[in-house]
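Survey of secondary and tertiary structure
Chain by chain, the residues run as shown.
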Amino acid sequence: AIAAEEMACNGAAHLCRRAYHQVSYATVHNAMSSLENEFALPNNFRSYLQALESGVRALMLDVHTVKMPNSVNEGGRAALCHGDCALGQLDLTETLGNICRFLIGNPHEVITLIF
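Residues numbered from 1 in each chain as written. Predicted model: local features only at pLDDT ≥ 70, side-chain atom pairs only at ≥ 80, totals over all residues. Heavy atoms only, no water.

**A short note on the overall build of the protein**
Within the protein, the regular secondary structure consists of two helices and six strands. Secondary structure elements of the protein occur, N-terminal to C-terminal, as β-α-β-β-β-β-α-β. For the protein, the spread of C-alpha atoms along the principal axes amounts to about 55 × 30 × 25 Å. Looking at the protein residue by residue over its 115 residues, the buried ones come to 34%. Pairs at least 24 residues apart make up 46% of the contacts formed inside the protein by residues separated by at least 6 positions. Within the structure as shown, the protein displays about 7,300 Å² of accessible surface, and the carbon and sulfur contribution to it stands at 55%. Both charge centroids of the protein, one from 7 positive and one from 11 negative side chains, sit 5 Å from each other. (Helix = DSSP H or I, 4+ residues; strand = E, 2+ residues; numbered from the N terminus. Buried < 20%, exposed > 50% of the residue type's maximum accessible area, 1.4 Å probe, protein only. Contact = heavy atoms within 4.5 Å. Areas by Shrake-Rupley, 256 points an atom, 1.4 Å probe, with all protein chains shown as cover. Lys, Arg positive; Asp, Glu negative; His and termini not counted. Charge placed at Lys NZ, Arg CZ, Asp CG, Glu CD.)

**Things to note about a nonpolar patch on the surface**
Together, Val63, Leu96 and Phe115 make up a nonpolar patch on the protein surface, roughly 270 Å² of accessible area in all. In this structure, Phe115 sits in the segment after β6 (112–114). (Patch = residues over 30% accessible without salt bridge, like charges linked within 9 Å, V, L, I, M, F, W, Y side chains within 5 Å. Salt bridge = Lys/Arg side-chain N within 4 Å of Asp/Glu carboxyl O.)

**A few points about unusual backbone geometry**
In this model, Asn10 sits at a positive phi of 50 degrees, which is unusual for a non-glycine residue. For Asn10, the position within the fold is in the segment before β1 (27–28).

**A look at the sheet that holds strand β5 (residues 90–91)**
Taken in spatial order, the three strands of this open sheet run β3-β4-β5, and their pairing is antiparallel. The sheet terminates laterally at β3 (63–66) and β5, the two strands that pair on one side only. As paired strands, strand β4 (residues 77–80) and β5 are joined by two bridges and run antiparallel to one another. The residue of β5 that forms the bridge with Leu80 is Leu90. (Pairing = 2+ DSSP bridges.)

**Some points on the state of the cysteines**
Going through the model one piece at a time under the given rule, you end up with two disulfides. Here Cys81 engages in a disulfide with Cys85; their sulfurs sit 2.1 Å apart. Because the torsion about its S-S bond is 105 degrees, the bridge between Cys81 and Cys85 counts as right-handed. Sequence-ordered numbering of the disulfide-bonded cysteines in the protein gives the connectivity 1-2, 3-4. Free of any disulfide, Cys100 has its nearest neighbouring cysteine sulfur in Cys9, separated by 18 Å. (Disulfide = S-S within 2.5 Å.)

**As for the sheet that holds β1**
In space, the three strands of this open sheet follow the order β1-β2-β6, with parallel pairing throughout. Single-partner strands in this sheet number two, and they are β1 and β6. For β1 and strand β2 (residues 58–60), the ladder comprises two bridges, and the chain directions are parallel. The partner of Thr27 across the bridge, within β2, is Ala58.

**Side note on the pattern of salt bridges**
A complete count under the given rule lists two salt bridges for this structure. A salt bridge links Glu109 to Arg57, with the shortest nitrogen-to-oxygen separation between them at 2.7 Å. A residue pair is termed long-range when its members are at least 10 positions apart, and Glu109 in the loop between α2 (92–105) and β6 and Arg57 in the loop between α1 (48–53) and β2 qualify at 52 residues. Each member of the pair, Glu109 as well as Arg57, carries the same accessibility label: buried.

Structure, rendered in structure tokens:
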């Protein structure tokens, strides 16, 4: 067990005793749209993973259905895009997996996803 003095929640021990609604979180708008992720006309210079490493704890993400080329599947796949997916996109499943791995490595952190 981790001593209360050693445990930090979202970077500060005193936050461990607060309810979710009692804490403010740094948030990135259109977190998937970044220069790092090679989006044309990106909203951000750094990737959502770099934002998480820097202390951001809320990500705003836009989910779109992208039709697969030459696919008979009418539904397509879920992708993260801002407006036109031709300007850049990330796979939703891969992105959620990356966020999950971040949380496994940082078990006292809380991340808010806003879709």
